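Here is what each chain is made of, one letter per residue.
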Amino acid sequence: MITAELAGRHRESWQYELAEAITDPGQLLEALALDPALLTPALAAAARFRLRVPRSFVARMRRGDARDPLLRQVLPIGEELIDAEGYSGDPLGESAANRAPGLLHKYRGRALLVTTGACAVHCRYCFRREFPYEAQVSEGGRWAGALMAIRADTSIEEIILSGGDPLSLSNARLTALTGSLAAIPHLRRLRVHTRTPVVLPSRVDDGFVAWLRTLPWPAVVVVHTNHAREIDNAVTGAFTRIRATGVQLLNQSVLLAGVNDDEEALVALSGALFDAGALPYYLHLLDRVRGASHFAVPEARGRELMRAISARLPGYLVPRLALEEAGAAGKTVLGD
Ligand SMILES: *Cc1c(COP(=O)(O)O)cnc(C)c1O
Ligand code: SF4
């Protein structure tokens, strides 16, 4: 999918960086001086869902530490081959919520547009790791059906650009898409769900910032950060450029065993997000997607962690613990 972008006349500099991302498990292990014994299970798991991680994200990992919380999010491991009970390929029943190719309309007033299947990083816990993108992705001319469905339903006030990751698209493609959306009078807000500013901050380039500035609606960018160490100076710079356009900047995280399932990690994450200019929005319990059961944190433990961090942080730095259930009218926010 990236190839189609690269075939374009003008290649943006972040696209070179994306093309240089590490996709070979052996290379990742070598770059971090890790035990070569990890290679066999990594290759087996990568055959199901490919490894992909930008080098600038790898540079934030600790060399020689197989338990590094950033590495754990991207390194394929043997546990992914376990077929745990209750874990499936489509845990949210999204196939059933499709209004048009690439349009998910599950929640009142908000419709989610799957703009592309491509991501700058492949997160091992991703609930879309088995998503049938070929059938659902609304790319290029195929956005037409989704646009028609949005135009026909005046209850839709907000479009969420999602994926995959919408920032895998070029600025020209984003501009064309929002240009078409701008002709639909009942839209009031635009939201962008993206992990790219965190894993490939150079993507937030002048053209992207110019795109944000020209949007005809108030916009919200929701980034995805799971650990305080993901936020370095380059990421802070990307967040700052986004915020300078007047766009609201929020963050969503997934509660992940071995990554951020402890009080100190969550408190540090909220603090680091605030320092970089983003407010915590959701802390999601893991979606039960096949191959990700080793990341699961029990709901009771999630609630316990929420109580612990609420006691230490101002209310605006406490994310909402959320659970997504197939068939529900919205995300379920779990209280105390
Ligand atoms: C998460 C999600 C939304 C947005 O939910 P909010 O609670 O408004 O953040 C909308 N549509 C779908 C299909 C979603 O998964
Ligand atoms: S960036 Fe988001 S959509 Fe892409 S692999 Fe990671 S969690 Fe999944």
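Think of each chain on its own: its residues are numbered from 1, step by step along the sequence as written. The naming scheme follows written order: chains are lettered A onward, ligands numbered 1 onward. Per-residue local features of the predicted model are confined to residues with pLDDT of at least 70, and side-chain atom pairs are confined, for both listing and counting, to 80 or more; whole-chain, interface and lining totals are unaffected and use all residues. With hydrogens and water set aside, each side-chain value is computed from the structure's full complement of heavy atoms.

Q: How should I be thinking about the site of ligand 1 in this particular structure?
A: Lining the immediate environment of ligand 1, one finds Lys106, Tyr107, Arg110, Leu112, Ile160, Arg191, Tyr281, Tyr282, Glu324 and Lys331. As used in this structure description, the phrase polar contact means that two N or O atoms lie within 3.5 Å; if the pair is within protein, one of them must be able to donate a hydrogen and the other to accept it, and residues adjacent in sequence are counted only when both atoms belong to side chains. Here an oxygen atom of ligand 1 and a side-chain polar atom of Arg110 are 2.7 Å apart. The separation between an oxygen atom of ligand 1 and a polar side-chain atom of Tyr281 is 2.7 Å. Strands are runs of DSSP state E lasting at least 2 residues, helices are runs of H or I lasting at least 4, and numbering of each runs from the N terminus. Among the elements of the structure, β2 (103-107), β3 (110-114) and β8 (279-284) are those that each provide at least two residues to the shell around ligand 1. Nonpolar residues are Ala, Val, Leu, Ile, Met, Phe, Trp, Tyr, Cys and Pro. Charged residues are Asp, Glu, Lys and Arg, and all others, Gly as well, are polar. When the residues that make up the shell around ligand 1 are grouped by side-chain class, the tally is 5 nonpolar, no polar and 5 charged. Throughout, the term near means that a residue has one or more heavy atoms lying within 4 Å of the molecule or strand in question.

Q: Would you explain the sheet that holds strand β4 (residues 158-162) in this entry?
A: What links the strands of a sheet is backbone hydrogen bonding, and the strands pair in either a parallel or an antiparallel sense. Only strands that DSSP links by at least two bridges are regarded as paired with each other. Strands sit in the order β1-β2-β3-β4-β5-β6-β7-β8-β9-β10 across an open sheet of 10 strands; the sheet is mixed. In the strand order of this sheet, the two ends are held by β1 (98-100) and β10 (332-333), each with one partner. Contacts between residues were defined by any pair of non-hydrogen atoms, one from each residue, lying within 4.5 Å. Between the N-to-C directions of two axes lies an angle of 0 to 180 degrees, each axis being a line fitted to C-alpha atoms and, for a helix, fitted only over the stretch in contact. Strand contacts of helix α9 (residues 171-181): β3, β4 and β5 (189-194), with the helix running at about 160° to β4, the strand carrying the most contacts.

Q: Whenever I open this one, the packing of aromatic side chains confuses me. Can you help?
A: Within a pair of aromatic rings, the relevant descriptors are the distance that separates the centres and the angle that separates the planes. Aromatic pairs are defined between Phe, Tyr and Trp rings, using the six-membered ring for Trp, whenever the two ring centres lie within 6.5 Å; interplanar angles under 30 degrees are classed as stacked, those over 60 as edge-to-face, and all others as tilted. Applying the stated rule across the entire model yields 4 aromatic pairs. Between Phe208 and Trp211 the ring centres are 5.5 Å apart and the planes differ by 35°, which places this aromatic pair in the tilted class. A residue pair is termed a helical-turn pair when its members lie 3 or 4 positions apart in one helix, as Phe208 and Trp211 do in helix α11 (residues 206-214) at 3 residues. For Phe208, a relative accessible area of 1% gives the class buried. Summary of the burial criterion: residues with accessible area below 20% of their type's maximum are buried, those above 50% are exposed, and those between are partly exposed, where the area comes from a 1.4 Å probe applied to protein chains only. In this structure Trp211 comes out as buried when scored by relative accessible area, which is 2%. Consider the rings of Tyr281 and Tyr282, whose centres lie 4.1 Å apart with planes at 35°: the pair is tilted. By the burial criterion, Tyr281 is buried, and Tyr282 matches it.

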